[in-house]
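Coordinates in review
One letter stands for each residue in the lines below.
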Protein chains: 2
Amino acid sequence: MKSEDIAKLAGVSRSTVSRVINNYPNIPEKTKQKVQAVIDKYGYTPNSIARTLAGKKNNIIGLFIFDKFYNKNIDPNNPMYSIHDSPYLSELISYVTDAAENNDFNILISVINSQSKKNKFDKLIKSDIISGAIIVGGETDKEILGKIISSKIKTVFIDEYLDGEYDNIIHIYSENYEGAYTATQELIKAGHKKIAHITGNLKKFDARERLRAFKDCLIDNGIKLNKNYIIEGDFSLKSGYNAAKELYEKNKNNMPTAIFIANDLMAVKAIEYFKEKNFNIPQDISIIGFDNHSFAEILLGGLSTISRPIGELAIKAVNSLITFIYLDDKSKIKQEKIKSNYINRKTIKPPK
Amino acid sequence: MKSEDIAKLAGVSRSTVSRVINNYPNIPEKTKQKVQAVIDKYGYTPNSIARTLAGKKNNIIGLFIFDKFYNKNIDPNNPMYSIHDSPYLSELISYVTDAAENNDFNILISVINSQSKKNKFDKLIKSDIISGAIIVGGETDKEILGKIISSKIKTVFIDEYLDGEYDNIIHIYSENYEGAYTATQELIKAGHKKIAHITGNLKKFDARERLRAFKDCLIDNGIKLNKNYIIEGDFSLKSGYNAAKELYEKNKNNMPTAIFIANDLMAVKAIEYFKEKNFNIPQDISIIGFDNHSFAEILLGGLSTISRPIGELAIKAVNSLITFIYLDDKSKIKQEKIKSNYINRKTIKPPK
DNA sequence: CTGTTAGCGCTTTCAT
DNA sequence: ATGAAAGCGCTAACAG
């Protein structure tokens, strides 16, 4: 069934049918209803491929996840990360998809983890298949940025650093810095002075921001940075355990009394490690995480943490992009930050 | 830049350019190279929207996830499940996306969790936007099935039950029954006779199969079923804890010596519960899980379990679908099962 | 082997 | 207010 069939059935021309479908202004209510009745009766839906070719926007947004599947430094044959190992990415996919569908858009998902994928990415953003792109992953890649700029595709970056402003790119940030500052401040407020930090993957913007805030907060409070108290993790469960171990082994004789861990996932296994070493949480060591993962909350109900509302981030990103696609004017879009909040549970106590 | 431009530049007609792009047989090497050179020089890519309209297949596969976001029985305002709460679904998305992209296909992802989403699903499969569909979720919905059949869209069901054969539907199964039978058999082999089972969400096909195998295996071994030893879970972390509690409270005076838990995720929290109650695993209670989740493995390294190779399932599903799309003949596609294996780790011991 | 031509189903000027 | 006609960029049947 095509528009021509509807036209015949309704006794009008294809153009009129098109006008009804697209809600053109100067078309009398009578004609509109007549045509609409036929459309409804036959359950006609316009072919969106044809519409796109004829110049309409395609209601598809590309969600591009820049992440490594393999960490070659560790084991070239063994998958290390993947989107399903990251609750952050999994949640983002959930919520972005949902937000898009609530606006009658669909999500085309793509994971970019190799050079050949980068080339496919390039083709995709040059094509008319998608009318906008959402970029996540936190590691801004010059080559990719170049492709995005030259393709002119409307793009939103979620929690990625960019030095410069580009006409076709908008940003959505969550309060990584502010949240991490609060986290550290809460530890200090409880009386701690020997405070450690297990970082996220420092290739990622959010991890770097959280580290920066940690340092700033200590300095602002007149606490000297102790290099041995900063351990590099990578946001994964496993690295939480390893980082905790490294922290312990480096500081056996001078353990910190509190730790700010860059995400809840690492906190899960870090806490496990400390328990194995017979530390009591929070009596011996206070812990604050970041993200407020539902996963982590179920695993260890009492973790004090900082929320990062991924749902809001996703909705904001999708809505901004859709507005951008239709308005074609970046200046009309508010690029505010998504708020973080301190979630006070049971893993912070004053030091002994 | 369009094919006409390339044609002019290469001194041929548009048709010839099209033939080169589509690898037509009877076209001399010389012409081919001449045209290809121009294509490469200008980095021309054919507009896939136009190709699709002109009759080519669109290299997009729809991945449809049928799952509830909310469990109204428990709390209408509170999200209960979502794809990111299920490692199975998260992994499937990862691997399906990867497999598709390795075959130059893209994945359009959609989560169907409401009536309005069902209607959008209907539009999508009737459109030419996607040339095939993958269905996951395990709860075959009559309404959806009807839409799929009448739309004729080429579809692959992953681990879903279907009574009947349809020309446009193919199946990929993993060995739910066989794996669960093995799991139970391993417990019996170790000497257990008092064996319990925590089921998955029984609305789902895989959960029902696992339960069926559990029962069959006990009967085949002459062990009488104890109703109080079968507890209904729903595959989620939380339900693992709750089910373990229910099992304990129902059987305080006659606890089973072994439990087959329908997925590793529930096993994580079930084990936590039993430890709280001062049971030793496996001395007091042997446990076997299912799925061999990397997540669960990191959380509790020693869990004995049954593998369900989600990567293979995904690859098989994508490859079969692509073959189906191009061959247009279901009979040529092998619909074999993806093998499960017993992973012998540290949570099974003979009873005391 | 290759060019010409007719669509694919829709939107959108242009004309009335 | 509405119909006729052109065109989006490509493929494929037809002709030679």
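What you are looking at is a predicted structure, and each value in this text was computed from that prediction instead of being measured.

Reading guide: rules and limits
- Residues numbered from 1 in each chain as written.
- Chains lettered and ligands numbered in written order.
- Predicted model: local features only at pLDDT ≥ 70, side-chain atom pairs only at ≥ 80, totals over all residues.
- Heavy atoms only, no water.
- Patch = residues over 30% accessible without salt bridge, like charges linked within 9 Å, V, L, I, M, F, W, Y side chains within 5 Å.
- Areas by Shrake-Rupley, 256 points an atom, 1.4 Å probe, with all protein chains shown as cover.
- Salt bridge = Lys/Arg side-chain N within 4 Å of Asp/Glu carboxyl O.
- Helix = DSSP H or I, 4+ residues; strand = E, 2+ residues; numbered from the N terminus.
- Near = heavy atom within 4 Å.
- Polar contact = N/O pair within 3.5 Å; in protein donor to acceptor, adjacent residues only side chain to side chain.
- Nonpolar A, V, L, I, M, F, W, Y, C, P; charged D, E, K, R; others polar.
- UniProt positions renumbered as here; feature names shortened; annotations may be inferred.
- Least-squares fit on C-alpha atoms with pLDDT ≥ 70 in both.
- Contact = heavy atoms within 4.5 Å.
- 1 Å grid on protein atoms, 1.4 Å probe; cavity = no way out; pocket = protein on both sides within 12 Å on 5 of 7 lines; lining within 4 Å.
- Points joined across faces, edges and corners; volume = space filled by probe spheres on them.
- Buried < 20%, exposed > 50% of the residue type's maximum accessible area, 1.4 Å probe, protein only.
- Pairing = 2+ DSSP bridges.
- Axes fitted to C-alpha atoms, helices over the stretch in contact; angles between N-to-C directions.

Our focus in this paragraph is a nonpolar patch on the surface. On the surface, a nonpolar cluster with roughly 310 Å² of combined accessible area is contributed by Met1, Leu9 and Tyr42 of chain A. By the secondary structure assignment, Leu9 of chain A is in helix H1 (residues 3-10).

Among the 27 residues in the neighbourhood of DNA strand D, the closest are listed as Arg19 of chain A together with Ser3, Arg14, Tyr24 and Tyr44 of chain B. For DNA strand D, the backbone portion of the atoms within 4 Å of the protein, that is sugar and phosphate, comes to 65%. Ser15 of chain A places a side-chain nitrogen or oxygen 3.0 Å from a base nitrogen of DNA strand D. Arg19 of chain B places a polar side-chain atom, nitrogen or oxygen, 3.3 Å from a base nitrogen of DNA strand D. Those elements that provide at least two residues to the surface near DNA strand D are helix H2 (14-21) of chain A together with helix H2 (14-21) and helix H4 (48-53) of chain B. The class makeup of the residues in the surface near DNA strand D is 10 nonpolar, 10 polar and seven charged.

Sequence positions flagged by UniProt for "domain: HTH lacI-type" (unreviewed entry) are, in local numbering, residues 1-55 of chain A. Across residues 1-55 of chain A one finds 65% helix and 0% strand; the C-alpha atoms that close the span lie 21 Å apart.

Looking at DNA strand C, there are 27 residues lining it, with Ser3, Tyr24 and Tyr44 of chain A together with Ser15 and Arg19 of chain B nearest. A share of 59% is what sugar and phosphate atoms reach among the atoms of DNA strand C within 4 Å of the protein. Elements with a contribution of two residues or more to the surface near DNA strand C: H2 and helix H4 (48-53) of chain A together with H2 of chain B. Looking at the surface near DNA strand C residue by residue, the classes come out as 10 nonpolar, 10 polar and seven charged.

The next point concerns the relation of the copies chain B and chain A. For the pair chain B and chain A, the best superposition has an RMSD of 0.1 Å and corresponds to a rotation of 180° with a translation of 0.0 Å parallel to the axis. Viewed as a symmetry operation, the transformation between the two copies matches a two-fold axis. For chain B, the smallest separation between a C-alpha atom and the rotation axis is recorded for Leu108 of chain B, amounting to 2.1 Å. Of the interface residues in chain B, 100% have counterparts in chain A that sit at the interface too, so the contact is made through matching surfaces.

Turning our attention to empty space enclosed by the protein. Residue and element names in this part refer to chain A. Evaluation of the coordinates by the stated rule reveals six cavities of 30 Å³ or more. Approximately 350 Å³ is the volume found for the largest cavity. Asp67, Ser86, Lys204, Asp234 and Phe235 are the residues nearest the centre of the largest cavity, which is lined by 25 residues in total. Sorting elements by how many residues they give to the lining of the largest cavity places helix H5 (residues 87-102) first, with three residues. Classifying every residue of the lining of the largest cavity by side-chain character gives seven nonpolar, eight polar and 10 charged.

Our next topic: the pattern of salt bridges. Residue and element names in this part refer to chain A. Scanning all chains against the criterion turns up 48 salt bridges over all chains. Among the salt bridges present, the one from Lys126 reaches Asp122, with a minimum N-O distance of 3.4 Å. Taken as a pair, Lys126 and Asp122 lie in helix H6 (residues 115-126) at a separation of four residues, close to a single helical turn. On the basis of relative accessible area, Asp122 is assigned to the buried category, the value being 15%. Residues Glu297 and Arg345 are paired through a salt bridge, measuring 4.0 Å at the closest nitrogen-oxygen approach. Taken as a pair, Glu297 in helix H12 (residues 294-299) and Arg345 in the segment after strand E12 (341-343) lie far apart in primary sequence, 48 residues in all. By relative accessible area, Glu297 is classed as partly exposed at 38%. Given the relative accessible area of 24%, Arg345 is considered partly exposed.

This brings us to the sheet that holds strand E3 (residues 132-136) of chain A. One key point about sheets: their strands pair by backbone hydrogen bonds, in either a parallel or an antiparallel sense. Here 12 strands make up an open sheet; going across it, the order is E11(A)-E5(A)-E4(A)-E3(A)-E1(A)-E2(A)-E2(B)-E1(B)-E3(B)-E4(B)-E5(B)-E11(B) and the pairing mixed. Of all strands in the sheet, those with a lone pairing partner are strand E11 (337-338) of chain A together with strand E11 (337-338) of chain B, marking the two edges. Its contacts with the sheet place helix H5 (residues 87-102) of chain B against strand E2 (106-112) of chain A together with strand E1 (60-66), strand E2 (106-112), strand E3 (132-136) and strand E4 (155-158) of chain B, and it is angled at close to 75° to E2 of chain A. Sheet strands touched by helix H13 (residues 310-327) of chain B: E1, E3, E4, strand E5 (169-174) and E11 of chain B. Its angle to E5 of chain B, the strand with the most contacts, is close to 165°.

Once that is clear, we can look at the side chain of Asp159 of chain A. Residues and elements named next belong to chain A. Following the sequence through the fold, Asp159 ends up in the loop between strand E4 (155-158) and strand E5 (169-174). Residue class for Asp159 comes out buried when judged on its relative accessible area of 2%. At 3.2 Å, the side chain of Asp159 and the side chain of Asn176 are in polar contact. When neighbours within four sequence positions are excluded, Asp159 is seen to be in contact with Tyr88, Gly138, Ile172, Tyr173, Ser174, Asn176, Phe205, Arg308 and Leu313.

Right, let's get into the sheet that holds strand E7 (residues 230-232) of chain A. Residue and element names in this part refer to chain A. On the basis of which strands lie adjacent, the open sheet formed by four strands has the order E7-E6-E8-E9 and parallel pairing. Two strands bound the open sheet, and with one partner strand each, they are E7 and strand E9 (286-288). The mean inter-strand angle of the sheet, taken between neighbouring strand axes irrespective of direction, is 15°. Taken together, the three bridges between strand E8 (residues 258-261) and E9 define a ladder with parallel strand orientation. For Phe260, the partnering residue across the bridge sits in E9 and is Ile288. Relative to E8, helix H8 (residues 176-189) is tilted by about 170°, and along the sheet it contacts strand E6 (195-199), E8 and E9.

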